[in-house]
Amino acid sequence: MDLRFFGMVLILLGVLILLSVFNVFDVSFGKFLGIVFAALFGYAGISALVKKGFPNGLVSCAIATVLFLHIFNVHRFTFWEGFVVFFSVLLIEWGFFAILSHRD
């Protein structure tokens, strides 16, 4: 992990704390951890997509998306709904690997 990403996480932490102090955004420790993990999964997924090509990183991007949607109350996932989303994206990624690896 490069230093720029760590710097972005520190900036995010500072902004979230400031927003919480001014009652703009409610930040609990659990919500902060969720944001950090969502950012890590998003970074890993986008990095894999850019470096290795299309199907790589889809699962990480899906995990990041589900975490962000859950954290910001856009859609509240139960454990099993989240599991089904991850598993379905994993199957899609494997399907793309199977199709793209056997092209002539």
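The residue count restarts for each chain, going from 1 along the sequence in the order it is written. For this predicted model, a pLDDT threshold of at least 70 governs which residues receive local features, and a threshold of 80 or more governs which side-chain atom pairs are given and counted, while totals over whole chains, interfaces and linings are taken from all residues. The side-chain figures draw on all heavy atoms in the structure; neither hydrogens nor water molecules are used.

Caption draft 1: Just the overall build of the protein, in detail. Comment: elements are numbered from the N terminus, with helices defined as DSSP H or I runs of at least four residues and strands as E runs of at least two. Along the protein, the regular secondary structure elements total 4 helices and 0 strands. Listing every helix and strand of the protein by position from the N terminus yields α-α-α-α. Here the radius of gyration uses the C-alpha set of atoms, whereas the globule reference equals 2.2 Å times the residue count to the power 0.38. Computed over C-alpha atoms, the radius of gyration of the protein comes to 16 Å, more than 25% over the 13 Å expected from 2.2 N^0.38 for 104 residues, which places it beyond the range of a compact globule. Taking the principal axes of the C-alpha coordinates as reference, the protein spans close to 60 × 35 × 15 Å.

Caption draft 2: Looking closely at helix H2 (residues 29-52). To estimate the expected span of a helix, subtract one from its residue number and multiply by 1.5 Å. For H2, with 24 residues, the first-to-last C-alpha span of 34 Å sits near the 34 Å given by 1.5 Å per residue. Relative accessible area decides the class of each residue, using a 1.4 Å probe on protein chains only: under 20% of the type maximum gives buried, over 50% gives exposed, and in between gives partly exposed. Here H2 has its buried residues at Phe 32, Gly 34, Ile 35, Val 36, Ala 38, Gly 42, Gly 45, Ser 47 and Ala 48. Next to the buried residues of H2 lie helix H1 (3-21) and helix H3 (58-71). Where H2 ends, the next residue or the one after it, Gly 53, has phi of about 110 degrees, a positive value. Whether two residues touch is decided by their heavy atoms; if any such pair falls within 4.5 Å, the residues are in contact.

Caption draft 3: H1, seen in detail. Helix length check: H1 (19 residues) gives 27 Å between terminal C-alpha atoms against 27 Å at 1.5 Å per residue, within 8%. When we look at burial in H1, the residues that qualify are Phe 5, Val 9 and Leu 16. Projected onto a plane normal to the axis of H1, the buried residues spread over an arc of 45 degrees and lie on a single side. Opposite the buried face of H1, at more than 90 degrees from it, the exposed residues are Leu 3, Arg 4, Ile 11, Leu 18 and Val 21. If you follow the buried residues of H1, they end up packed against H2. The directions from the helix axis to the C-beta atoms are what the arc is built from.

Caption draft 4: Examining the layout of surface pockets more closely. Considering only enclosed or pocket space, the largest pocket measures out at about 160 Å³ in volume. Using a grid of 1 Å spacing that covers the protein atoms alone, one calls a set of points a cavity when a 1.4 Å probe fits there but cannot get out, and a pocket when the set is open and has protein on both sides within 12 Å along at least five of seven lines; lining residues are those with an atom within 4 Å of a point. Taken together, Val 66, Leu 67, His 70, Phe 77, Thr 78, Phe 79, Gly 82, Phe 83 and Phe 86 form the lining of the largest pocket. Looking at the lining of the largest pocket, the elements that each hand over two or more residues are H3 and helix H4 (79-101). With 4 residues, H4 is the largest single contributor of residues to the lining of the largest pocket. Grid points are joined across faces, edges and corners, and a volume is the space filled by probe spheres set on the points.

Caption draft 5: Main features of the nonpolar core. Residues Leu 16, Phe 25, Phe 32, Ile 35, Val 36 and Ile 71 constitute the largest nonpolar core, which totals 6 residues. Ranked by residue count, the leading element in this core is H2, at 3 residues. Setting aside chain neighbours within four positions, we find Phe 32 in contact with Leu 13, Leu 16 and Val 27. To form a nonpolar core, buried Ala, Val, Leu, Ile, Met, Phe, Trp, Tyr and Cys residues must be joined to one another through side-chain atoms within 4.5 Å. The next biggest cluster of nonpolar side chains, apart from the first, holds 5 residues, and it includes Leu 58, Val 59, Ile 63 and Val 89.

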